[in-house]
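Below are the chains, spelled out letter by letter.
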Amino acid sequence: MKTSNAAPSAFSLTRYAGNLRIARSSLIRSAHLLERIGLAAVGASCGLYVGAALLRQKGGLFESGWIVLLTVLYGALSYYVGIDLSRTIARRSISSTSEAYDGSEMVEIMSAAGTFGAAIAAALSVSILVLDQNLPNGLVAFVAGCWVVGSSLQVAAGAMARNCEVPDNNKD
């Protein structure tokens, strides 16, 4: 089979597969939901690391096994709500030509700072677990604080982005 014949046959398969009559918007919504569920799984795994590192420290506030469940659930919530902001808000802040402040920059900054804080807490937690470190309570409190503040910033940014009304500037 020649290479020149392979390309048209591949395109014809795509054309026939395109006759399934699935609405494009429902495919995009399904892909978006799948992406958000994946982000929640990443947040839950980061929360698992943070919770395990906190549980490992003896003689402190975090001796209950519930801390692991709480960090996993809060991590899943914060990554689901906070990282994947509305595409309209992101597009509006990039394409904005006026100098008027519309608040979308603050939402993006909060989301980025929250993601950074939660990721630092997760990375420190993994290093605590892998290197089998016994840390002072002050450093453990720093990791817990990074996790709580970062995850809370993500939730706040996601809530602000979803409650913000977006005017459509592209109308003729």
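Refer to the structure printed above.
Residues numbered from 1 in each chain as written. Predicted model: local features only at pLDDT ≥ 70, side-chain atom pairs only at ≥ 80, totals over all residues. Heavy atoms only, no water.

Topic: the overall build of the protein
Applied cut-off: Only DSSP runs of H or I covering at least 4 residues are called helices, and only runs of E covering at least 2 are called strands; the numbering of each starts at the N terminus. For every residue, the accessible area obtained with a 1.4 Å probe (protein chains only) is divided by the maximum for its type, and the residue is called buried under 20%, exposed over 50%, and partly exposed between those limits.
The helix and strand tally for the protein stands at 6 helices and 0 strands. Each helix and strand of the protein, ordered N terminal to C terminal, gives the series α-α-α-α-α-α. Looking at the 172 residues of the protein, the share that counts as buried comes to 30%.

So, a nonpolar patch on the surface
Test applied: Patch members must show over 30% relative accessible area and no salt bridge, and they are joined within 9 Å when carrying like charges or within 5 Å when they are nonpolar side chains of Val, Leu, Ile, Met, Phe, Trp or Tyr. All accessible-area figures derive from a Shrake-Rupley calculation using a 1.4 Å probe, and residue coverage is judged against the displayed protein chains alone. By convention in these notes, a salt bridge is any Lys or Arg side-chain nitrogen within 4 Å of a carboxyl oxygen on Asp or Glu.
A cluster of nonpolar side chains, contributed by Trp66, Leu69, Leu70 and Leu73, occupies part of the molecular surface with about 460 Å² of accessible area. Counting through the fold element by element, leucine 73 comes out in helix H3 (residues 66-82).

A few points about the pattern of salt bridges
The full count for this structure, using the stated rule, is 1 salt bridge. Residue arginine 56 is joined to aspartate 132 by a salt bridge in which the shortest nitrogen-to-oxygen separation is 2.1 Å. With arginine 56 in helix H2 (residues 24-56) and aspartate 132 in the loop between helix H5 (104-130) and helix H6 (137-163), this residue pair connects regions lying 76 residues apart in the sequence. Overall, the relative accessible area of 24% leaves arginine 56 in the partly exposed class. Overall, aspartate 132 belongs to the exposed group, its relative accessible area being 53%.

Details of the environment of alanine 40
Applied cut-off: When checking whether two residues touch, look at their non-hydrogen atoms; a contact exists if any pair is within 4.5 Å.
For alanine 40, the position within the fold is in helix H2. Residues alanine 40 and valine 81 lie 41 residues apart in sequence; the distance between their C-alpha atoms is 8.3 Å. Beyond its immediate chain neighbours, meaning those up to four positions away, alanine 40 contacts Ala76, Tyr79 and Tyr80.

Notes on the packing of H3 against H6
Stated formally: In this analysis, axes come from line fits to C-alpha atoms, helices being fitted only over the stretch in contact, and the angle between any two N-to-C directions falls in the range 0 to 180 degrees. Helix crossings get a hand from a simple test, with the near helix turned counterclockwise from the far one by less than a right angle marking a left-handed crossing and a clockwise turn marking a right-handed one. All amino acids are sorted into three groups, where Ala, Val, Leu, Ile, Met, Phe, Trp, Tyr, Cys and Pro are nonpolar, Asp, Glu, Lys and Arg are charged, and the leftover types, Gly among them, are polar.
Interhelical geometry of H3 versus H6 gives an angle of 35° and a closest axis separation of 8 Å. Helix-helix and strand crossings are classified by hand; for H3 and H6 the assignment is left-handed. Counted together, Thr71, Tyr74, Gly75, Leu77, Ser78, Tyr79, Tyr80, Val81 and Gly82 of H3 and Trp147, Val148, Ser151, Ser152, Gln154, Val155, Gly158, Ala159 and Arg162 of H6 form the full contact between these two elements. Among the residues making up the contact of H3 with H6, the classes are represented as 9 nonpolar, 8 polar and 1 charged.

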